[in-house]
Amino acid sequence: MTQFDGELSPPFEIVEPAAWRAPIIFNSPHSGSVYPDEFLSASRIDLPALRRSEDSFMDELISGLSDRGFPVVRVNFPRSYVDVNREPYELDPRMFSGRLPSFANTRSMRVAGGLGTIPRVVGDGQEIYRERLSVDDAMARIEVLYKPYHRALRRLINKAHQAFGTVVVVDCHSMPSIGVSRDEPRRPDVVIGDRYGTSCAAVLPDMVEETMSRLGYSVGRNKPYAGGFITEHYGNPASGLHTIQLELNRAIYMDERRRERSTRFAQVATDFVVLAEALAAVPLDDLGPFQAAAE
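I will try to describe carefully the structure that is included in this document.

1. Remarks on the overall build of the protein
1) Next: Along the protein, the regular secondary structure elements total eight helices and 11 strands.
2) Next: Over its C-alpha atoms the protein spans a radius of gyration of 19 Å, differing by no more than 12% from the 19 Å that the globule rule assigns to 295 residues.
3) Next: C-alpha extents for the protein along the principal axes are approximately 55 × 45 × 40 Å.
4) Next: Every one of the 295 residues in the protein was classed for burial, and the buried ones make up 55%.
5) Next: Considering only contacts in the protein between residues 6 or more positions apart, those separated by 24 or more positions represent 80%.
6) Next: Carbon and sulfur atoms form 49% of the exposed surface of the protein, whose accessible area is close to 13,600 Å².
7) Next: Here the protein holds 34 positive side-chain charges and 40 negative ones, and the gap between their average locations is 3 Å.

See the structure below:
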């Protein structure tokens, strides 16, 4: 399949403000909820089960930020179909009939867990497909959906970087309120991921923690989520390129069982505006690019 019959048109959307408030991009790569018919037909599980992998309504929580001067990016196809927060070819050979290209990364931890670029399982470990997929199908999804998204995101990042000399990508996700393991402690309201201090200047996670704590949220860092491919790939603080991942506990804004917005939804969206303004107040000089220290 190389054409998506209009079901996934557009596959992603970028809403730029008339005037940028700051070089801060809000990105929602996992909130897509448009499921192609052929995907549903090929799945051994039903739509409610597939949707357990979604960061449901995350795109809606940040959508109003474009009116405040911040560009917003949202992906419309589901992560269980193609996951843009992976390397382009993290693929599990057990899923496919035929041989994968030699450049495919078949041994990553994410592939081992069933959560590669074309996932084998949904978030709670249920197998997605009845039968093996063709390699051509996987390549088509990557060429038509994954790669255009990343080209567009890169263009937006470069535009901000050229205009301001620096850029911050806030990669917005949500997490189940309870982990798979019973041994995992209670999850905080917000988890900040900065790849253990490598994907952005320290002032950014500090500002997020300070702001969200002041608004009444409990905040953790890098556990259980330190940031995925987007955070790692686009973050280069020395060059003034910063990425930070935010994982929002779903229980604070939605009914997880019914997959419905809760009464706190509007307040959480308002709090994202407060957070965006706090990040915009960080002086650009604090965000580089930074010269290497002299020997």
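Continuing now.
2. A few points about the pattern of salt bridges
1) Next: Inspection of every chain in the model, using the stated rule, returns 19 salt bridges.
2) Next: The partner of R51 in a salt bridge is E54, with the nearest N and O atoms 2.7 Å apart.
3) Next: Ionic pairing is found between D92 and R94, a salt bridge with its closest N-O pair at 2.9 Å.

3. Overview of empty space enclosed by the protein
The gaps left among the atoms become clear once a water-sized probe is rolled over them.
1) Next: The final tally for this structure, using the stated rule, is three cavities of 30 Å³ or more.
2) Next: Of the pockets and cavities examined, the largest cavity occupies roughly 50 Å³.
3) Next: Lining of the largest cavity is provided by A22, P23, I24, V168, L204, L279, A280, V282, L284 and L287.
4) Next: If you add up the space inside the second largest cavity, you get close to 40 Å³.
5) Next: Residue lining of the second largest cavity: S53, R79, S80, D83, R86, L115, P119 and V121, and that is the complete set.
6) Next: In terms of residue class, the lining of the second largest cavity is built from three nonpolar, two polar and three charged.

4. What to know about the sheet that holds strand β6 (residues 167-175)
1) Next: One open sheet accounts for seven strands, arranged β1-β3-β2-β6-β9-β7-β8; its pairing is mixed. Edge strands, defined here as strands with exactly one partner in the open sheet, are β1 (12-15) and β8 (219-221). Neighbouring strand axes in the sheet, compared pairwise and without regard to direction, differ in orientation by 20° on average.
2) Next: Both β6 and strand β9 (residues 241-249) contribute to a ladder of nine bridges, which runs parallel.

5. Side note on helix α8 (residues 265-280)
1) Next: Here α8 contains 16 residues, and its C-alpha end-to-end distance of 23 Å stays within 8% of the 22 Å for a straight helix at 1.5 Å per residue.
2) Next: Where α8 is concerned, the buried positions are F265, V268, A269, D271, F272, V273, L275, A276, A278, L279 and A280.

6. A closer look at the pairing of β9
1) Next: Most of β9 sits inside the fold, with nine of its nine residues counted as buried.
2) Next: The alternating pattern of β9 places L241, T243, Q245, E247 and N249 on one face and H242, I244, L246 and L248 on the opposite face, and all of these are buried.
3) Next: Across four bridges, strand β7 (residues 190-193) lies against β9 in antiparallel orientation. Each residue of the ladder has a partner; that of V190, found in β9, is L248.

Cut-off values and rules
- Residues numbered from 1 in each chain as written.
- Predicted model: local features only at pLDDT ≥ 70, side-chain atom pairs only at ≥ 80, totals over all residues.
- Heavy atoms only, no water.
- Helix = DSSP H or I, 4+ residues; strand = E, 2+ residues; numbered from the N terminus.
- Rg over C-alpha atoms; globule rule 2.2 N^0.38 Å.
- Buried < 20%, exposed > 50% of the residue type's maximum accessible area, 1.4 Å probe, protein only.
- Contact = heavy atoms within 4.5 Å.
- Areas by Shrake-Rupley, 256 points an atom, 1.4 Å probe, with all protein chains shown as cover.
- Lys, Arg positive; Asp, Glu negative; His and termini not counted.
- Charge placed at Lys NZ, Arg CZ, Asp CG, Glu CD.
- Salt bridge = Lys/Arg side-chain N within 4 Å of Asp/Glu carboxyl O.
- 1 Å grid on protein atoms, 1.4 Å probe; cavity = no way out; pocket = protein on both sides within 12 Å on 5 of 7 lines; lining within 4 Å.
- Points joined across faces, edges and corners; volume = space filled by probe spheres on them.
- Nonpolar A, V, L, I, M, F, W, Y, C, P; charged D, E, K, R; others polar.
- Pairing = 2+ DSSP bridges.
- Axes fitted to C-alpha atoms, helices over the stretch in contact; angles between N-to-C directions.
- Expected span 1.5 Å × (residues − 1).

By themselves these figures say nothing about function.
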